[in-house]
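An overview of the molecular structure
Take a look at the letters that make up each chain.
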Amino acid sequence: MRTVDGFINCKNGTHFTASFTVDGVNYNYVGSLGNSVPPFKCFNATLEFNQPRDLTSTHLFEGRIGPEELEITLANKVKITGTLNMPISPGGSVSGSGSWSQN
């Protein structure tokens, strides 16, 4: 498994963007949460994946956000983890769908 560092931003509690640079290419995963959580930021996120081709198309996800940590696992076993910049309350389980893009 490969790992790279990046960040996640969730401004409205229903959508988040996770951004990572892999081999000089910027990858963004934009996820839609099935249930709302308080807005959060994570500037020390870690992406765990096998190959850059894992970072394409649309994938369902599930995981947990808060109160201090986050862990999101995509259906293709890609994992995003990190410590939130500020704790949120309440934390909870999350699920939804998201899509990868490159820029």
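See above for the structure.
Attention in this report is confined to the structure presented alongside it. Everything quoted here is computed from the prediction, not taken from an experiment. (Residues numbered from 1 in each chain as written. Predicted model: local features only at pLDDT ≥ 70, side-chain atom pairs only at ≥ 80, totals over all residues. Heavy atoms only, no water.)

**As for the overall build of the protein**
- Helix and strand counts for the protein come out as zero helices and eight strands.
- For the protein, the N- to C-terminal ordering of α and β elements is β-β-β-β-β-β-β-β.
- Radius of gyration (C-alpha) of the protein: 12 Å, near the 13 Å computed for a compact globule of 103 residues.
- Referenced to the eigenvectors of the C-alpha coordinate spread, the extents of the protein come out at roughly 35 × 25 × 25 Å.
- Burial analysis of the protein (103 residues in total) assigns 39% to the buried set.
- Taking all contacts inside the protein whose residues are at least 6 apart in sequence as the whole, residues at least 24 apart take part in 64%.
- When the accessible surface of the protein is summed, it comes to about 5400 Å², and 50% of that surface belongs to carbon and sulfur atoms.
- Across the protein, the mean location of the 7 positive side-chain charges is 5 Å away from that of the 8 negative side-chain charges. (Helix = DSSP H or I, 4+ residues; strand = E, 2+ residues; numbered from the N terminus. Rg over C-alpha atoms; globule rule 2.2 N^0.38 Å. Buried < 20%, exposed > 50% of the residue type's maximum accessible area, 1.4 Å probe, protein only. Contact = heavy atoms within 4.5 Å. Areas by Shrake-Rupley, 256 points an atom, 1.4 Å probe, with all protein chains shown as cover. Lys, Arg positive; Asp, Glu negative; His and termini not counted. Charge placed at Lys NZ, Arg CZ, Asp CG, Glu CD.)

**Let's talk about the packing of aromatic side chains**
- Taken as a whole and judged by the stated rule, the model has four aromatic pairs.
- On the numbers, 6.3 Å between centres and 80° between planes, the contact of Tyr 29 with Phe 61 is edge-to-face. Here Tyr 29 is found in strand β3 (residues 25–33), whereas its partner Phe 61 is found in strand β5 (residues 58–65), with 32 residues between them in sequence.
- Pairing Tyr 29 with Trp 100 gives two aromatic rings, centres 5.0 Å apart and planes at 50°, and the pair type is tilted. Linking Tyr 29 in strand β3 with Trp 100 in strand β8 (residues 92–102), this pair joins segments that are 71 residues apart in sequence.
- Accessibility expressed as a relative area gives 0% for Tyr 29, which makes it buried. (Phe/Tyr/Trp six-rings, centres within 6.5 Å; stacked < 30°, edge-to-face > 60°.)

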